[in-house]
Amino acid sequence: MSYNEEGKLSKLVNSFQPSSVYVKHVCFTNFTKFNLDMPIYVNMVRDPVERVISWYYYVRAPWYFVERKRAFPDLPLPNPNWLKKDYDTCVRRGDKECRYQDGDERDDFGQLTEFFCGQDDDCTGFNTEVAMRKAKENVEKHYAVVGVLEELNKTLTVLEHYVPRFFKGAKDVYYNEVKIFSKINRNIYKPTTAEATKDIVRKNFTRELEFFDFCKQRLHKQYLALNLDKKP
């Protein structure tokens, strides 16, 4: 996002009346650069390797390219061989989309740290030290809660207590409605990926995984600080 686009986004969000929520796939933006108040930042993370596998099959699911075709009629349909290619084969053959090399600028949301690092050019390098460091700093300074998908109960509990204005009763709402919405975004076209393949990929995700572990530890500390086990 350019500096001007970042400024427009900051002004847009800042113009909302309380209590408002803005939900979008957008990298961290520091509103103070534009002399505006910071919003309450919350986000969710998941295991970075599981995340890229999920994305790999998400963009191959029929509904994805049908929706893309509707939105962009001139967009060519994907090659059938590309659609049929499984992740294990992609990694084993070393295809470009399944090579995760330090410093690469990816267009597949493969870099988790980029979302938390921000809009600077050095935030777009995959698995780099600088992107990881800035991501950690921004989480500590600006994010009320960064939840972890694999620890959903803990995430909802922390959200309820740290951001009660928006998340009071979140756990009850989730479990009362999970059966209704559980099929949304569930990809029936996603096969199981071999653990050996995941192990290969993890070797190139060292800093992405370190950031993920950092977020898990932070969430755990926030949960412990609530002292829920000691309350009657």
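Details of the structure are given in the entry above.
Residues numbered from 1 in each chain as written. Predicted model: local features only at pLDDT ≥ 70, side-chain atom pairs only at ≥ 80, totals over all residues. Heavy atoms only, no water.

Visitor: Whenever I open this one, the environment of arginine 218 confuses me. Can you help?
Guide: The residue arginine 218 is located in helix α12 (residues 206-225) in this model. Judged by its relative accessible area of 12%, arginine 218 is buried. In this structure the C-alpha to C-alpha distance between arginine 218 and phenylalanine 28, which are 190 residues apart in sequence, comes to 18 Å. Apart from the residues within four sequence positions on either side, arginine 218 is in contact with Val139, Glu140, Tyr143, Ala144, Val145 and Val146. (Helix = DSSP H or I, 4+ residues; strand = E, 2+ residues; numbered from the N terminus. Buried < 20%, exposed > 50% of the residue type's maximum accessible area, 1.4 Å probe, protein only. Contact = heavy atoms within 4.5 Å.)

Visitor: Just to check I follow, could you spell out unusual backbone geometry for this structure?
Guide: Glycine aside, negative phi is the norm for most residues, and most peptide bonds take the trans geometry. Cis geometry is found at the peptide bond from proline 18 to serine 19, where omega equals -5°. Its location among the elements puts serine 19 in the loop between α1 (3-14) and β1 (41-45). For asparagine 35, which is not a glycine, the phi torsion comes out positive at approximately 55°. For asparagine 35, the position within the fold is in the loop between α1 and β1. Judged by its relative accessible area of 73%, asparagine 35 falls in the exposed class. Phi is positive for asparagine 127, close to 60°, though the residue is something other than glycine. Considering the arrangement of structural elements, one finds asparagine 127 in the loop between α6 (112-117) and α7 (129-142). Accessibility expressed as a relative area gives 1% for asparagine 127, which makes it buried.

Visitor: Would you mind showing me how to read the layout of surface pockets here?
Guide: In this approach the atoms are scanned with a rolling probe the size of a water molecule, which exposes any empty space left behind. Roughly 630 Å³ of volume is contained in the second largest pocket. As for the second largest pocket, its lining consists of 25 residues, and the residues nearest its centre are Val59, Trp82, Glu97, Asp107 and Asp108. Those elements that place two or more of their residues in the lining of the second largest pocket are α2 (48-58) and α3 (62-71). Considering every element that reaches the lining of the second largest pocket, the biggest residue donor is α3, with four residues. Split into classes, the residues belonging to the lining of the second largest pocket amount to 13 nonpolar, one polar and eleven charged. (1 Å grid on protein atoms, 1.4 Å probe; cavity = no way out; pocket = protein on both sides within 12 Å on 5 of 7 lines; lining within 4 Å. Points joined across faces, edges and corners; volume = space filled by probe spheres on them. Nonpolar A, V, L, I, M, F, W, Y, C, P; charged D, E, K, R; others polar.)

Visitor: Help me understand the pattern of salt bridges, please; the structure alone is not making it clear to me.
Guide: Should the charged atoms of two oppositely charged side chains come close, the side chains can pair. One pass over the structure, following the stated rule, counts 17 salt bridges. Lysine 33 is the partner of glutamate 6 in a salt bridge, and the nearest nitrogen-oxygen pair spans 3.1 Å. With a gap of 27 residues between them, glutamate 6 in helix α1 and lysine 33 in the loop between α1 and β1 connect regions that are remote in the sequence. When its relative accessible area of 39% is taken as the criterion, lysine 33 is described as partly exposed. In this structure, arginine 218 engages glutamate 140 in a salt bridge whose closest nitrogen and oxygen atoms are separated by 2.9 Å. In this pair, arginine 218 is assigned in helix α12 and glutamate 140 in helix α7, connecting sequence segments 78 residues apart. (Salt bridge = Lys/Arg side-chain N within 4 Å of Asp/Glu carboxyl O.)

Visitor: Please explain the packing of helix α8 (residues 152-162) against α12 as it appears in this structure.
Guide: For any two helices packed against each other, one specifies the crossing angle of their axes together with the interaxial distance. Put simply, α8 and α12 touch, their axes get as near as 10 Å, and they point 60° apart. One way to sum up the angle between α8 and α12 is to call them oblique. Two packed elements cross with a definite hand, and for α8 against α12 that hand is left-handed. Counted together, Lys154, Thr155, Thr157, Val158 and Tyr162 of α8 and Leu219, His220, Gln222, Tyr223 and Ala225 of α12 form the full contact between these two elements. Residues of the contact of α8 with α12, tallied by class, amount to five nonpolar, four polar and one charged. (Axes fitted to C-alpha atoms, helices over the stretch in contact; angles between N-to-C directions. Parallel < 35°, antiparallel > 145°, perpendicular 65-115°, else oblique. Left-handed = near helix turned anticlockwise from the far one by under 90°.)

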